[in-house]
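Coordinate inspection notes
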Amino acid sequence: MTASVPFSDILIMLKACAPGFSWADSTHFRVISWNGRTYHAFPKLDNIEIGHIRKMVRTLGISKECANRHIPKLFNIEAPPPGNLTTLSH
Amino acid sequence: MVIENLCPVCGYEMEEPPRDYNICPSCGTEFGVHDVNASISELRAAWMQSGPRWWSKTDTQPDNWNPLAQLATLDARKSMAHYPLMFTLWDAVSGNAFLAGVTLTGRALMVKESENDWWIYGVRPAAIAETGSTPEEACLRFHNRYKKVLFDISEESSDYEVFKKSVEDFYFQPDVEEETRWEDARKALRGAEVIPEKPFSELPKESPESRPPQIAVARLDKLKRFQSSDNVPDTFVMATAA
């Protein structure tokens, strides 16, 4: 079974990664809007399976790196090679 | 290598596809007989307990036959379980003084996240995902979730025109990454890098050009007449090469 995340943690992630976002309950779902986009089909549950969270993050155009900082392992993102950090520092 | 001919039990490349009473010479599974009352994993476990050893007495064992290597190859291919689906759904939606018919021809990616955990991710429409313990359950729940989105949009729409515009906005909202994953999955199938398992191996296959993504919202309560040719069955097919 897929791992799930408390909705309260998702709100914390949204506040940090999608400033100005809004959400409201419709009859069947939570409707989350940001960046001129709307995700209509978010589950109205206390704990949300990560497949729904991934889909919402991608569809709204939220930074995956930012989302991962608040919800660890939400996405498999390869770390940049160490050489890149050295290059950036010069 | 003819992927369609690989035995799902042991991974051996048979001369004919694993169906219609064909027998795999490597593990001895007779398809249509042994796999009716036993699962693939049960048949595989039984074969593994035999050694595993070459089953056929008439077909000679290949010189370089390596049962564990062929099984590892099979498992590696099956672990890439991403299936590019295309579908057509029709739904009637009541709203504020209107009745609308919505015909959706869409795209979705079915992914086996783990055993008994299937996810279907919308590509067009993109802003939707659903899960199930089987692909069939995921598809059914996906349609139900999509229908409820239409119902919610209908509730929020003051009239038909607002509803139509909102449904089209929902449909055309993109997820570029999902589109790329869908296209990659289609190429993998075309290149025979993935073995479709049931029920995908039994789905009709169509080229994407034959079923272009589109959504049509029509006002039904203004129609002067209805006819049986207007009916649209729910359809799921697998996308293949053009």
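Just so you know, these numbers come straight off a predicted model, no measurement behind them. Counting starts from 1 at the beginning of each chain's written sequence and moves along it residue by residue. Each chain takes a letter, starting from A, and each ligand takes a number, starting from 1, following the order in which they are written. This being a predicted model, a pLDDT of at least 70 is required before a residue's local features are given, and a value of 80 or more before pairs of side-chain atoms are given or counted; all residues contribute to the totals for chains, interfaces and linings.

1. Some remarks on the overall build of chain A
- Helix numbering and strand numbering both begin at the N terminus, where a helix is a DSSP run of H or I of at least 4 residues and a strand a DSSP run of E of at least 2. In terms of helices and strands, chain A carries four helices and five strands.
- From first element to last, N terminus to C terminus, chain A shows the α and β order β-α-β-β-β-β-α-α-α.
- A sequence separation of at least 24 residues applies to 47% of the contacts in chain A between residues at least 6 apart. What counts as a contact here is a pair of residues whose C-beta atoms, placed from the backbone, lie within 7 Å.

2. Some thoughts on the interface of chain B and chain A
- Between chain B and chain A, the contact holds 21 residues from the first and 16 residues from the second.
- Every element with two or more residues in the side of chain B that touches chain A is listed here: β3 (117-124), β4 (129-132), α4 (135-156) and α6 (176-190) of chain B.
- At seven residues, the largest contribution of residues to the side of chain B that touches chain A is made by α4 of chain B.
- Each residue is assigned to one class: nonpolar for Ala, Val, Leu, Ile, Met, Phe, Trp, Tyr, Cys and Pro, charged for Asp, Glu, Lys and Arg, and polar for all the others, Gly among them. Partitioning the side of chain B that touches chain A into residue classes produces ten nonpolar, two polar and nine charged.

3. Examining helix α5 (residues 160-172) of chain B
Residue and element names in this part refer to chain B.
- What a helix should span is 1.5 Å times the count of its residues minus one. With 13 residues, α5 should cover 18 Å at 1.5 Å per step; its first-to-last C-alpha distance of 18 Å lies within 8% of that length.
- Buried, partly exposed and exposed are defined by the number of other C-beta atoms within 10 Å of a residue's own C-beta, namely 20 or more, between the two limits, and 12 or fewer respectively, with C-beta atoms placed from the backbone. Within α5, the full set of buried residues consists of Phe163, Lys164, Ser166, Val167 and Phe170. For α5, the buried positions fall inside an angular range of 165° around the axis, keeping them on one side. For α5, the exposed residues lying more than 90 degrees away from the buried face are Glu161 and Phe172. The directions from the helix axis to the C-beta atoms are what the arc is built from.

4. Brief notes about the nonpolar core
- The term nonpolar core means buried Ala, Val, Leu, Ile, Met, Phe, Trp, Tyr and Cys residues held together as one set by C-beta atoms within 7 Å. Counting residues in each nonpolar core, the largest one holds 57 residues, and the members touching the most others are Leu60 of chain A together with Leu85, Ala108, Leu109, Met110 and Ile120 of chain B.
- One finds Cys27, Leu43, Leu71 and Leu74 of chain B within the second-largest nonpolar core, a separate group that totals 13 residues.

5. Here we look at the domain arrangement of chain B
- The domain boundaries assigned to chain B delineate domain 1 (3-78) and domain 2 (82-239).
- Computed from C-alpha atoms alone, the centre-to-centre distance between domain 1 of chain B and domain 2 of chain B is 36 Å. How far each domain reaches was decided by an automatic or database domain assignment.

6. Topic: the pairing of strand β4 (residues 37-42) of chain A
Residue and element names in this part refer to chain A.
- Relative to β4, strand β3 (residues 30-34) is paired through four bridges, and the arrangement is antiparallel. Within β4, the residue paired with tryptophan 34 across the bridge is arginine 37.
- The loop that links β3 with its antiparallel partner β4 comprises two residues; one of these, asparagine 35, has a positive phi angle of about 65°. Only strands that DSSP links by at least two bridges are regarded as paired with each other.

7. Observations regarding the environment of leucine 74 of chain A
All names here are of chain A.
- Among the structural elements, leucine 74 can be located in the loop between α3 (64-70) and α4 (82-89).
- With 50 residues separating them along the chain, leucine 74 and alanine 24 place their C-alpha atoms 23 Å apart.
- Those residues in contact with leucine 74, other than ones at most four positions away along the chain, are Ile50, Ile53, Arg54, Ala67 and Asn68.

8. Observations concerning the packing of α4 of chain B against α5 of chain B
All names here are of chain B.
- Following both chains from N to C, one finds α4 and α5 inclined at 140°, their axes separated by 9 Å at the closest point. Considered as vectors, α4 and α5 are oriented oblique to each other. For the pair α4 and α5, the sense of crossing is right-handed. Here Val149, Leu150, Ile153 and Ser154 of α4 lie close against α5, whose contacting residues are Phe163, Ser166, Val167 and Phe170.
- Grouping the constituent residues of the contact of α4 with α5 by class yields six nonpolar, two polar and no charged. Note on method: axes are straight lines fitted to C-alpha atoms, helices fitted across the in-contact stretch only, with angles between N-to-C directions ranging 0 to 180 degrees. Oblique is the label for any angle not covered by the other classes, which are roughly parallel (under 35 degrees), roughly antiparallel (over 145) and roughly perpendicular (65 to 115). When the near helix sits turned anticlockwise from the far one by under a right angle, the crossing is termed left-handed; a clockwise turn instead gives a right-handed crossing.

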